[in-house]
Every structure is written in structure tokens, then in C-alpha cells.
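# Structural overview
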Amino acid sequence: VRKLRKGPDLDKYLEGKKKRYTTYGLGAGMYSLNYYSFVRLCKEAGANIQIKKKIVVDLDILDAYLESAIDMEGGNE
């Protein structure tokens, strides 16, 4: 009988941390954006984290980027 190898236990790395992570598909729904618009926004913000072949989005970085974009836009008035 062959045992299946498990990947790293990410919960132990994330435990106690207040960072929020999501995937592109779920994040697009959370922000009510088209999938590819959300992907482009994440790349502009630099919020992508690659774990092997998966990409997760750090929502804290994305929110900070959106707030700074709003502040810059509001300062032009």
C-alpha cells in the first residue's frame, strides 16, 4: 500500500496571523469584479503570492493598494 504525500501544513504558518488570503476566483466575487479585471488589479498591486503552481492573493496588500489609489485620486480635486 502506497501512502500519499501531503503538502506543507499552511495552517501552522498562518496561525495567529491576521493576514487574509484568497484565490482569484473567490476574490473576484468578493470585490464584484470580472475575473480578469481582478487578476490585473492584483498584479498591479503586487498582491500575488505563488505557492507551487497556485497563486493566492494577499487581501491586506490589495486593500492598501486600493486605499492609496483612492487617496491619490481624491488629492487631484
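The sections below set out a description of the structure shown in this document. (Residues numbered from 1 in each chain as written. Predicted model: local features only at pLDDT ≥ 70, side-chain atom pairs only at ≥ 80, totals over all residues. Heavy atoms only, no water.)

Here we take up the packing of aromatic side chains. All told, the structure shown has 4 aromatic pairs when counted by the stated rule. Considering the side-chain rings of Y24 and F38, the 6.5 Å spacing of their centres and the 80° angle between planes classify their relative orientation as edge-to-face. In this pair, Y24 sits in helix α2 (residues 24-30) while F38 sits in helix α3 (residues 35-45), placing the two residues 14 residues apart along the sequence. Look at Y35 and Y36: their rings are 5.0 Å apart centre to centre, the planes differ by 85°, and that puts the pair in the edge-to-face class. (Phe/Tyr/Trp six-rings, centres within 6.5 Å; stacked < 30°, edge-to-face > 60°. Helix = DSSP H or I, 4+ residues; strand = E, 2+ residues; numbered from the N terminus.)

This paragraph deals with the side chain of D58. Structurally, D58 is set in strand β3 (residues 54-58). A polar side-chain atom of D58 sits 3.0 Å from the main-chain amide nitrogen of D60. (Polar contact = N/O pair within 3.5 Å; in protein donor to acceptor, adjacent residues only side chain to side chain.)

Bringing the packing of α3 against helix α4 (residues 59-74) into the picture now. In the contact formed by α3 and α4, the axes pass within 9 Å of each other and the chain directions differ by 85°. One finds that α3 runs roughly perpendicular with respect to α4. In this structure, α3 uses F38, L41, C42, E44 and A45 to contact α4, whose residues at the interface are I61, L62, Y65 and L66. (Axes fitted to C-alpha atoms, helices over the stretch in contact; angles between N-to-C directions. Parallel < 35°, antiparallel > 145°, perpendicular 65-115°, else oblique. Contact = heavy atoms within 4.5 Å.)

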